[in-house]
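Structure at a glance
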Amino acid sequence: MKKTVWLNLDENKVDVTYLDKRFAESGYEFIKCPIDTGDEEKTIEMGKKADAVISTWEPWNERTLEAVKDKVQYIVRYGAGTDNIDIPAATRAGIPVGNVPGANSAAVAETAMLHILNVGRRFAHCVEGVRKGIWPSTITGTELDGKTVGLLGFGHIGKQLVRMMKGFDVKVLVYDAYIQDKDSEKWGVTFVENQDEIFKNSDIVSLHIPLTEETQGSINKEKFALMKKSAYLINTCRGGVINEEDLIEALKTGQIAGAGLDVLCQEPPKKDNPLLQMENVFVTSHMGAASLESEHRSQVIIADCIDEFFSGKMPYNVKNPEVKNS
Ligand SMILES: NC(=O)c1ccc[n+]([C@@H]2O[C@H](COP(=O)([O-])OP(=O)(O)OC[C@H]3O[C@@H](n4cnc5c(N)ncnc54)[C@H](O)[C@@H]3O)[C@@H](O)[C@H]2O)c1
């Protein structure tokens, strides 16, 4: 029987012609139907039609996974983070879950780089000012050169960012709770022993950790209290790793100097989220991975993995391969 693949994305916003072509070649029915973030009923309705799901933001929890387990055989996340999917619950439901590791790392690292440079020089304000007819609309800013940049998380994106910063005269501090390879010379960074050293000693702190039970809300007032008053916080990973109320307070009181955020706790944000109006905060709309190159790399991996799965093999990037035996 013809396999059906559901993609939770709007094809008018993301070019999916590569997937169209690949799935036509493989003989799958391809349903492109975006649904609202957090809509469990629609997730179940769509899941019941799909043998494989290309997941974006729909909630895969105990309830939704249990409801679709007789139909959905495989879920692959369109991206690196799998925080919208309860993987232990997927394992109990017998559904393997994969992601697309690394495919979007250059795009997200570039976004972090854009935020780092922008928050120092207020580039966006200047452009906005000129559009309004203000000349000069420049605010005297701070350089990246000569600064210490602290990275929390040294996976695909953290490593790309270090590569991109090589042209700047920066000292890079890194804390990663799980990696084994901490060869400072090889990576050209200084590995530190704990998170606090990152917050205490950096002029710019950039977050590159996944959203997990452990990291949820972990970047909070205790961390902001350690930061230099002149320091900036950059977040291109997940809004949920930050305690947003604490961040707002730290920015309002001058505990830290500013922030560049690609992600927020609630997306889309409420109109009255104070972060959207603060002069020293720059918010982009979770656009980190949105480059043509990143979309293409992701779609190649996704199509390969779905073909592999339907041919009876377990794709390399499945996070719960034990599901086979459960
Ligand atoms: N803004 C965007 O559009 C966008 C796009 C892609 C990914 N992301 C986010 O960025 C995150 C990182 O992506 P990646 O590809 O680098 O992932 P990755 O898995 O390659 O790297 C994450 C790193 O974080 C480390 N880590 C985990 N928990 C930690 C902790 N408590 N303290 C310190 N280090 C910890 C891991 O050991 C790992 O090295 C993703 O989980 C995702 O949420 C955002």
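These notes cover the structure that comes with them.

1. Description of the layout of surface pockets
Approximately 260 Å³ is the volume found for the second largest pocket. For the lining of the second largest pocket, the elements supplying multiple residues, two or more each, are helix H5 (105-121), helix H6 (123-131) and strand S12 (281-283). Looking at the lining of the second largest pocket, the element that brings in the most residues is H5, giving four residues.

2. Some thoughts on the sheet that holds strand S6 (residues 148-152)
Strand pairing within a sheet occurs via backbone hydrogen bonds; the two strands may be parallel or antiparallel. On the basis of which strands lie adjacent, the open sheet formed by seven strands has the order S8-S7-S6-S9-S10-S11-S12 and parallel pairing. Edge positions in the sheet fall to strand S8 (190-191) and S12, since each of these pairs with one other strand and no more. Relative to strand S7 (residues 171-175), S6 runs parallel, the two sharing five bridges. Among the inter-strand pairings, Gly-150 is bridged to a residue of S7, identified as Leu-173.

3. Observations concerning helix H12 (residues 292-310)
Since the α-helix packs 3.6 residues into each turn, any two residues three or four apart lie on the same face. Between its first and last C-alpha, H12 extends 27 Å over 19 residues, near the 27 Å set by a 1.5 Å rise per residue. Where H12 is buried, its residues touch strand S1 (4-7), helix H1 (17-26), strand S3 (52-55), strand S4 (74-77) and H5.

4. Describing the environment of Ala-24
Locating Ala-24 in the fold gives a position in helix H1. In this structure Ala-24 comes out as exposed when scored by relative accessible area, which is 57%. Separated by 256 residues in the primary sequence, Ala-24 and Asn-280 have C-alpha atoms spaced 48 Å apart.

5. Side note on the pairing of strand S11 (residues 258-261)
Covered by surrounding structure in S11 are Gly-258 and Gly-260 together with Ala-259 and Leu-261, the residues of both alternating faces. Sheet analysis places strand S10 (residues 232-235) next to S11, joined by four bridges and oriented parallel. By the bridge assignment, Tyr-232 is partnered in S11 with Gly-258. Between S10 and its parallel partner S11, the chain crosses via helix H11 (residues 244-252), and the hand of that crossover is right-handed. Bridge count between S11 and S12: three bridges; the pairing is parallel. In the strand pairing of S12, Leu-261 is matched with Val-283.

6. Quick notes on unusual backbone geometry
Cis geometry is found at the peptide bond from Trp-135 to Pro-136, where omega equals 0°. Relative to the helices and strands, Pro-136 resides in the loop between H6 and S6. The step from Glu-267 to Pro-268 runs through a cis peptide bond, and the omega angle for that step is -10°. Locating Pro-268 in the fold gives a position in the loop between S11 and S12. Here His-286, not a glycine, exhibits a phi torsion of approximately 50°, which is positive. Residue position: His-286 is located in the loop between S12 and H12. Judged by relative accessible area, His-286 falls into the partly exposed class, the value being 26%.

7. Brief notes about the packing of H5 against helix H7 (residues 156-164)
When two helices pack together, you describe them by how their axes are tilted relative to each other and by the distance separating the axes. With their axes 8 Å apart at the nearest point, H5 and H7 run at an angle of 55° to one another. Relative to H7, the element H5 lies oblique. The hand of the H5/H7 crossing is right-handed. Contacts between H5 and H7 involve Ser-105, Ala-106, Val-108, Ala-109, Glu-110, Ala-112, Met-113 and Ile-116 from the former and His-156, Ile-157, Gln-160, Leu-161 and Met-164 from the latter. Looking at the contact of H5 with H7 residue by residue, the class counts come to nine nonpolar, three polar and one charged.

8. Some points on the site of the ligand
Near the ligand you find 26 residues, and of these His-156, Ile-157, Asp-176, Thr-236 and Asp-262 are the closest. Between a nitrogen atom of the ligand and a side-chain N or O atom of Glu-214, the distance comes to 3.4 Å. At 3.4 Å, a side-chain N or O of His-286 approaches an oxygen atom of the ligand. Relative to its unbound accessible area of 860 Å², the ligand is 88% covered by the protein chains.

Calculation notes
Residues numbered from 1 in each chain as written. Predicted model: local features only at pLDDT ≥ 70, side-chain atom pairs only at ≥ 80, totals over all residues. Heavy atoms only, no water. 1 Å grid on protein atoms, 1.4 Å probe; cavity = no way out; pocket = protein on both sides within 12 Å on 5 of 7 lines; lining within 4 Å. Points joined across faces, edges and corners; volume = space filled by probe spheres on them. Helix = DSSP H or I, 4+ residues; strand = E, 2+ residues; numbered from the N terminus. Pairing = 2+ DSSP bridges. Expected span 1.5 Å × (residues − 1). Contact = heavy atoms within 4.5 Å. Buried < 20%, exposed > 50% of the residue type's maximum accessible area, 1.4 Å probe, protein only. Right-handed = clockwise from strand over helix to strand, strands pointing away. Axes fitted to C-alpha atoms, helices over the stretch in contact; angles between N-to-C directions. Parallel < 35°, antiparallel > 145°, perpendicular 65-115°, else oblique. Left-handed = near helix turned anticlockwise from the far one by under 90°. Nonpolar A, V, L, I, M, F, W, Y, C, P; charged D, E, K, R; others polar. Near = heavy atom within 4 Å. Polar contact = N/O pair within 3.5 Å; in protein donor to acceptor, adjacent residues only side chain to side chain. Areas by Shrake-Rupley, 256 points an atom, 1.4 Å probe, with all protein chains shown as cover.

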